[in-house]
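# Architecture at a glance
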Amino acid sequence: MDLSLGPLLYYWSRDDVLAFYDEVRHWPVARVYLGESVCSRRHLLRLPDWLELAEKLAAAGKEVVLSTQTLIESESDLKTLRRIVSDGRFRVEANEWGAVRLLSEAGVPFVAGPALNVYNHETLAVLAGLGAERWLPPVEMSRATLASLLERLPAGMETEVFAYGRLPLAYSARCFTARHYNLPKDDCQFRCLDHPDGLALATREGEPFLTLNGIQTQSAGVYTLIGELPALRELKIDSLRLSPQSHHMGRVVETFQAVLAGASCDTDKLARIMPGPPVDGYWHGRAGLEKTSQGNATC
Amino acid sequence: MSLDLICPAGSLVSLKAAIDHGADAVYMGFRDNTNARAFPGLNFDEAQAAEGLRYAHDRGRKVLLALNTYPQPDTWSRWTGAVDRAAKLGMDAVILADAGLMRYAVKNHPQLRLHLSVQGSATSYEAVNFYREHFGIQRAVLPRVLSLPQVENVVQHTDVEIELFGFGGLCVMVEGRCLLSSYCTGESPNTAGVCSPPKAVQWKDTPAGLESRLNGVLLDRYGKDEKAGYPTLCKGRFDVGGETYYAIEEPTSLNTLDLLPEMLKIGIAAIKIEGRQRSPAYVTQVTKVWRAAIDAVKKNADAFKPTPAWQAELNKLSEGQSHTLGAYHRPWK
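These numbers come from a predicted model, not from an experiment.

The helix and strand tally for chain A stands at 10 helices and 12 strands. Scaling as 2.2 N^0.38, a compact globule of 299 residues should have a C-alpha radius of gyration of about 19 Å, and chain A matches this with 18 Å. Taken along the three principal axes of its C-alpha coordinates, chain A extends 50 × 50 × 35 Å. Counting contacts in chain A only where the partners sit at least 6 residues apart, residues at least 24 apart contribute 67% of the total.

Further remarks concern the overall build of chain B. Within chain B one finds 11 helices and 16 strands. Relative to its length of 333 residues, chain B is compact, with a C-alpha radius of gyration of 20 Å against a globular reference of 20 Å. By principal-axis analysis of the C-alpha atoms, chain B measures approximately 60 × 55 × 40 Å. Taken over 333 residues, chain B has a buried fraction of 56%.

Counting residues in hydrophobic clusters, the biggest one holds 201 residues, and the most contacted among them are A112(A), V26(B), M28(B), L67(B), V94(B), L96(B) and A140(B). At 8 residues, strand 7 (residues 158–172) of chain A tops the list of elements feeding residues into this core. When residues of this core are assigned to domains, at least three fall in each of domain 1 (4–170 + 252–328) and domain 2 (180–245) of chain B. Setting aside residues no more than four positions away along its own chain, V94(B) makes contact with L65(B), L67(B), V83(B), A86(B), A105(B), L112(B) and L114(B).

What follows is about the interface of chain B and chain A. Between chain B and chain A, the residue contacts involve 55 residues of the former and 53 residues of the latter. Within the residue set of the side of chain B that touches chain A, elements represented by two or more residues are helix 4 (99–108), helix 5 (125–135), helix 6 (148–156), strand 8 (173–178), helix 7 (180–185), helix 8 (189–192), strand 11 (217–222) and strand 12 (238–240) of chain B. Direction of pairing for strand 8 (residues 199–202) of chain A relative to strand 12 of chain B: antiparallel, over a ladder of 2 bridges. Its bridge partner being in strand 12 of chain B, L201(A) is matched across the sheet by V240(B).

On to the domain arrangement of chain B, then. Residue and element names in this part refer to chain B. Under the domain assignment used here, chain B contains domain 1 (4–170 + 252–328) and domain 2 (180–245). Between domain 1 and domain 2, the contact holds 12 residues from the first and 7 residues from the second. Along the lines of polarity and charge, the residues of the side of domain 1 that touches domain 2 split into 4 nonpolar, 6 polar and 2 charged.

Another point: the sheet that holds strand 10 (residues 209–214) of chain B. All names here are of chain B. Across the sheet, 3 strands lie side by side as 9-10-11; this open sheet has antiparallel pairing. The open sheet has two free edges, formed respectively by strand 9 (201–206) and strand 11, since each of these has just one partner strand. Strand-to-strand twist in this sheet, taken as the mean axis angle between neighbours without regard to direction, amounts to 25°. Across 6 bridges, strand 9 lies against strand 10 in antiparallel orientation. Its bridge partner lying in strand 10, W203 is registered against S212.

Turning to the packing of helix 5 (residues 121–130) of chain A against helix 4 of chain B, a few remarks are in order. Taken N-terminus to C-terminus, the directions of helix 5 of chain A and helix 4 of chain B make an angle of 85°; their axes are 7 Å apart at the nearest point. It follows that helix 5 of chain A is roughly perpendicular to helix 4 of chain B by the angle criterion. Seen from helix 5 of chain A, the contacting residues are E122(A), T123(A), A125(A) and V126(A); seen from helix 4 of chain B, they are A99(B), G100(B), R103(B) and Y104(B). Of the residues that constitute the contact of helix 5 of chain A with helix 4 of chain B, the class distribution is 4 nonpolar, 2 polar and 2 charged.

What follows concerns the confidence of the model for chain B. Of all residues in chain B, 99% attain a pLDDT of 70 or more, and the chain-wide mean is 95. Interface scoring of the predicted complex returns ipTM 0.96; its pTM is 0.96.

Once that is clear, we can look at the pairing of strand 8 of chain A. All names here are of chain A. Of the two faces of strand 8, the one holding L199 and L201 is buried and the one holding A200 and A202 is not buried anywhere. Pairing between strand 8 and strand 9 (residues 208–213): 4 bridges, direction antiparallel. Looking across to strand 9, one finds that A202 is bridged to P208. Connecting strand 8 to the next strand, strand 9, in antiparallel fashion are 5 residues, including G206 with a positive phi near 80°.

Basis of the calculations
- Residues numbered from 1 in each chain as written.
- Chains lettered and ligands numbered in written order.
- Predicted model: local features only at pLDDT ≥ 70, side-chain atom pairs only at ≥ 80, totals over all residues.
- Helix = DSSP H or I, 4+ residues; strand = E, 2+ residues; numbered from the N terminus.
- Rg over C-alpha atoms; globule rule 2.2 N^0.38 Å.
- Contact = placed C-beta atoms within 7 Å.
- Buried ≥ 20, exposed ≤ 12 C-beta atoms within 10 Å, placed from the backbone.
- Core = buried A, V, L, I, M, F, W, Y, C linked by C-beta atoms within 7 Å.
- Domains from an automatic or database assignment.
- Pairing = 2+ DSSP bridges.
- Nonpolar A, V, L, I, M, F, W, Y, C, P; charged D, E, K, R; others polar.
- Axes fitted to C-alpha atoms, helices over the stretch in contact; angles between N-to-C directions.
- Parallel < 35°, antiparallel > 145°, perpendicular 65-115°, else oblique.
- pLDDT = per-residue confidence, 0-100.

What follows is the structure in structure tokens.
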């Protein structure tokens, strides 16, 4: 089992992005997903910049995967998608079925991303037939359902599980960050830049609930499966996806790597460097915001 | 054929109301979580479905079956069984979201007409054409996220008929790509066919006001003069940056009557009315207004203007008694 660094879901300054991936070169991750998968208005890095980063990370021994935009609305979104597909140097993560069409037509092997809604073996078999070599279950899928699906895993298909980070829960045409500032989406003044880990949404009694990240809505809780490594191993999961956050990401990666290498895991220590409270309800077939495992788990 | 009126049928009474008042087709679901309105007391068993089909077909109308949740591995046969029953009953089409289930339908019932559900989240012609090429879908229902010019671009680049939502509850999120309900309650439209399920709702009168909770999470608190609506998760009031407001969307409904001439012009095949969970009275009123409006726009699109009586009637039926053009009108975004 190895580690993947998921695509950066937030909008950071160009300098911050470059500095972040400069560090990533030295982290114990096997694979790095790159590119803008949330909002087409985010342009501080354009595709050529991401490709340049991709080359650098590949030179540092990382497998690079280019992530496509999850919500495609315009012809210009499609144009970017076609450029990613036709580049050909790197594997691509398809995050909607238009990308699947283009990738299968081009004969490019791909990763079936978590927003493709693969809930059963038949759909996974369709994707395998079209060139998918790796897939991620929807983030809401429980261990039990995943176990059942994996009983009929297509030959050669690799499985990656979202194992750390705020959960991407929903996508909209509307930008909730712009809405917060009473700005129209088309003139959002790029306020996402002010919120490197998203904008916190709490209930009227102050309970953290969700995180607004432009057109994407995330959980407030940080999904953490670090206490579930024995179960993940038993399921023969190939990789764990860790989703970037603005601070302490290197330490998060190190902690996972240490536990993979056999160290006992201190979930409390990990909790101190998370941007929100830990949650793992989905894995146990419960409401996503629940925290089921107690205290220090034996890993 | 264009601007067919597709109305919701949560029960046989609603189905007949829709047909009697001018629906070109109705859509229904079976009594389980194979459809996205899996509410207690709603939907059709096989005998009722057969009766509904007879009623519609005798009057030259159509019945579409929504099988638009995502089949789960352990209960896969529930969904394939539903496809088999739909074919046996003679449904005019099944509305599917899942690619695996489409493959099953094509293989086992090649004559069965397939529509891509809004829950399939196809927002581009590349995605729509994917389902066309691989499964031969005849129609796609687009998520409520595109502006009308973007919809027109899809129509121009596909042979697939395009159906749009015209009226009813408004999903702010891309349908099929929203897990807010399962994050809060454990059940989402994708897996359980419900959003903000009634069994997770709690109401409580408190000194601070009437509170609505979903699985314990406070969604809103109403003052004395405020009207409380159904606690749909995305339509609650929350705190962001010290400000309490409808952070995601107000309790409002979609109403696109104003856009009918444009929808006709760009070649929209059908308009869907949301609300299988609503009463037969709702179905009757909405069907009447939309039948009149569609007839009027087809007769003379240039002179078309929704009458104040239509709008007043629809507003009475809307969530929060207000309506919006949603994403079709770009400034909403």
